[in-house]
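Structural description and commentary
The chain contents come next:
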Amino acid sequence: MGFRDQIKEADARRQSEYFAPGTYLVKVTNFCEGATRKGRDFVVVETQVLDSDNLEAHPKGSERTWMQMTDLDTAAQNIRGFLCRALNVANSALTDEMVDNAFEADDETGVSPLAGLKVGVRAREIITKKGKPFTLCDFFSVDQEKDTL
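A brief structural summary. (Residues numbered from 1 in each chain as written. Predicted model: local features only at pLDDT ≥ 70, side-chain atom pairs only at ≥ 80, totals over all residues. Heavy atoms only, no water.)

Points about the nonpolar core
F31, F82 and L83 are the most contacted members of the largest nonpolar core, which has 22 residues in total. Where this core is concerned, the elements lending two or more residues are β1 (22-35), β2 (41-52), α2 (75-87), β4 (118-127) and β5 (133-140). Counting residues per element, this core draws most heavily on α2, at five residues. With sequence-adjacent residues up to four places away left out, F31 is seen in contact with V43, V44, V45, I79, F82, L83, A102, F103, S112 and L114. (Core = buried A, V, L, I, M, F, W, Y, C linked by side-chain atoms within 4.5 Å. Buried < 20%, exposed > 50% of the residue type's maximum accessible area, 1.4 Å probe, protein only. Helix = DSSP H or I, 4+ residues; strand = E, 2+ residues; numbered from the N terminus. Contact = heavy atoms within 4.5 Å.)

Following this line, the structure appears as structure tokens:
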């Protein structure tokens, strides 16, 4: 098969972009586990921006992701925090079944049951211990009926 035929048969690769500092209302489009080409495991939240206070960087309709490498010591807490905000439940109310269900892709759509939920994101830049800039995302629960911040 020639290269053009390979292109014709391939699925388009998603061009992931991460959150810039700002506050956003997003719709979850998927929540899943994966691994990098080097075999490092991660969990990713894929979203579509519904509203933003940084429309220049993240216009309405743009796709943004939050990736958590699972080998980090804070990974479980960060992912649990996201799930609590997305499902709008207290930490004590998040059940094992809710966690498992979030990762189970729908047989028909192939995406997480979290797809379609709205969540707020506050992204802020911090400086790591190594002196490098890093964007930290804090999630918050939102009214599922609203499409604006």
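Next, the rest of the story.
Comments concerning the pairing of β1
Looking at chain direction, β1 and β4 are connected through six bridges and run antiparallel. Looking across to β4, one finds that G22 is bridged to A123. Judged from the eleven bridges that link them, β1 and β2 form a sheet pairing that is antiparallel. From the neighbouring strand, Y24 faces β2, where its bridge partner is S52. (Pairing = 2+ DSSP bridges.)

Quick word on unusual backbone geometry
The phi torsion at N88 lies on the positive side, around 55°, for a residue other than glycine. Structurally, the position occupied by N88 is in the loop between α2 and α3 (96-103). Note on N88: relative accessible area 56%, which makes it exposed.

Some details on the pairing of strand β3 (residues 63-69)
Here β3 lies mainly inside the structure; five of its seven residues are buried. Of the strand pairs in this sheet, β2 and β3 are connected by seven bridges, and their pairing is antiparallel. Across the sheet, Q48 pairs through a bridge with E63, a residue of β3.

Section: the packing of aromatic side chains
Counted according to the given criterion, the structure contains six aromatic pairs. Measuring from ring centre to ring centre gives 5.4 Å for F19 and Y24, while their planes differ by 45°; the resulting arrangement is tilted. You'll find F19 and Y24 in the same group, each marked buried. Considering the side-chain rings of W66 and F139, the 5.0 Å spacing of their centres and the 75° angle between planes classify their relative orientation as edge-to-face. In this pair, W66 sits in strand β3 while F139 sits in strand β5, placing the two residues 73 residues apart along the sequence. In this structure, W66 and F139 share a single accessibility class: buried. Taken together through their ring pairs, the aromatic side chains of F31, W66, F82, F103 and F139 make up a single cluster. Taking NZ or CZ as reference, R122 lies 4.0 Å from the ring centre of F140, over its face. (Phe/Tyr/Trp six-rings, centres within 6.5 Å; stacked < 30°, edge-to-face > 60°. Lys NZ or Arg CZ within 6 Å of the ring centre and 35° of its normal.)

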